[in-house]
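Working through the structure, step by step
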Amino acid sequence: MIQNKGGLHSNEHALTGLEIVIILVFAVLIIGYLGYGELSHGKTPPVGSQQKPKQGMIANDVVATTDLLSDPGGIFGYPAVDGTVAGIPVYFKTQNPAMLGAFELTIQPFMMNSGNIDMGHASVLWVSGTDQEKLSLVQTPQLICPNWTITNKGNNVPLKGSDQDLFLETDEQFTLLVCPAGHAAPYQQFTLTIAPENGQILPLTRTVPPGITPVTNLG
């Protein structure tokens, strides 16, 4: 009888320990829920809204992992000579037909992206050797270097258009024309980094081929 009582007492003790674990788990979940509610100020985005959630650590983590860019068409380089690129007059501070001075590329949100990447406040960084520049967006009929502009807004879905704001949304494509102060000679390596204010950066490193042509495909 003593052994039976001892066994019953042991089972009751194990059950009490399990109950403590369950209580602790529920307590952590409740505290986490309340903490997230305080961080988000009790606001819930409307159903179907495409606006980017900005409240709370969880929302910020989602933004950091979904706002990715891709360059589906590669980069094309143009000689550093005043002229017209993609219908935009381009003017250089110094001209050199033997070097590349303007660069064109198309960007779009990465697959499964939430979209709404703010390109209106984006920067483009140019780095080549010790030469480093931060270029700003201009929305003018002409491009005076060093700056960058958006030459075209389209959609990668056939027969579907694009709105004319500066937010790069899902399925949309923006064509950028980038014109740094520095030029790139044959065999020279450079990096163009597209840096939106609210998304992941897109660094693109290329090496100029030995021959400079009116339109040089940099891959």
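Residues numbered from 1 in each chain as written. Predicted model: local features only at pLDDT ≥ 70, side-chain atom pairs only at ≥ 80, totals over all residues. Heavy atoms only, no water.

1. A short note on the side chain of T216
In this fold, T216 is placed in strand β15 (residues 216–217). Looking at T216, its side chain comes within polar contact range of the main-chain nitrogen of T213, at 3.1 Å. When neighbours within four sequence positions are excluded, T216 is seen to be in contact with I75, F76, G77, L100, P209 and G211. (Helix = DSSP H or I, 4+ residues; strand = E, 2+ residues; numbered from the N terminus. Polar contact = N/O pair within 3.5 Å; in protein donor to acceptor, adjacent residues only side chain to side chain. Contact = heavy atoms within 4.5 Å.)

2. Brief notes about the environment of I75
For I75, the position within the fold is in strand β2 (residues 75–80). By relative accessible area, which is 0% here, I75 ends up buried. Along the backbone, I75 and T216 are 141 residues apart, and their C-alpha atoms lie at a distance of 8.6 Å. Once you skip the residues sitting within four places of it in the chain, I75 turns out to touch F103, E104, L105, L204, R206, T216, N217, L218 and G219. (Buried < 20%, exposed > 50% of the residue type's maximum accessible area, 1.4 Å probe, protein only.)

3. Describing the pairing of strand β5 (residues 96–109)
Bridge count between strand β1 (residues 69–70) and β5: two bridges; the pairing is antiparallel. Looking at the pairing, L69 lines up with P109 of β5. Here five bridges tie β5 to strand β12 (residues 172–179), and the two strands are oriented antiparallel to one another. Across the sheet, I107 pairs through a bridge with F174, a residue of β12. (Pairing = 2+ DSSP bridges.)

4. So, the pairing of β2
With five of its six residues buried, β2 lies for the most part within the structure. By the bridge criterion, two bridges tie β2 to β15 in an arrangement that is antiparallel. Directly across from F76, in β15, lies its bridge partner N217.

5. Considerations on unusual backbone geometry
Put simply, C145 and P146 share a cis peptide bond, and its omega is 5 degrees. Counting through the fold element by element, P146 comes out in the loop between β9 (143–144) and β10 (147–155). Phi is positive for D171, which is not a glycine, with a value near 80 degrees. Topologically, D171 is positioned in the loop between β11 (167–168) and β12.

6. Details of the sheet that holds β9
In space, the three strands of this open sheet follow the order β3-β4-β9, with mixed pairing throughout. The sheet is open, and its two borders are formed by β3 (83–85) and β9, each paired with just one other strand. Pairing of strand β4 (residues 88–91) with β9, which is carried by two bridges, proceeds in the parallel orientation. The residue of β9 that forms the bridge with Y91 is I144.

7. Comments concerning the pattern of salt bridges
Counted by the stated rule, this structure contains one salt bridge. D71 serves as the salt-bridge partner of R206, at 3.4 Å between the closest nitrogen and oxygen. On the criterion of sequence distance, the pair formed by R206 in strand β14 (residues 202–207) and D71 in the loop between β1 and β2 is long-range, its members being 135 residues apart. According to the relative accessible area criterion, D71 is partly exposed, its value standing at 22%. (Salt bridge = Lys/Arg side-chain N within 4 Å of Asp/Glu carboxyl O.)

8. Points about the sheet that holds strand β7 (residues 123–128)
Taken in spatial order, the four strands make up an open sheet running β8-β7-β13-β14, and their pairing is antiparallel. Each edge of the sheet is formed by a strand with only one pairing partner; in this case those strands are β8 (131–135) and β14. The mean inter-strand angle of the sheet, taken between neighbouring strand axes irrespective of direction, is 15 degrees. As paired strands, β7 and β8 are joined by five bridges and run antiparallel to one another. Each bridged residue has a counterpart across the sheet, and for V127 the counterpart in β8 is Q132. (Axes fitted to C-alpha atoms, helices over the stretch in contact; angles between N-to-C directions.)

9. Observations regarding the confidence of the model for the chain
Mean pLDDT for the chain: 76, with 63% of residues reaching 70 or above. Of the regions scoring below 50 in pLDDT, residues 1–15 engages in zero contacts with residues more than four places distant in sequence or in other chains. Low pLDDT, under 50, characterises residues 28–66; the stretch is placed with 24 contacts to residues that sit more than four places away or in other chains. (pLDDT = per-residue confidence, 0-100.)

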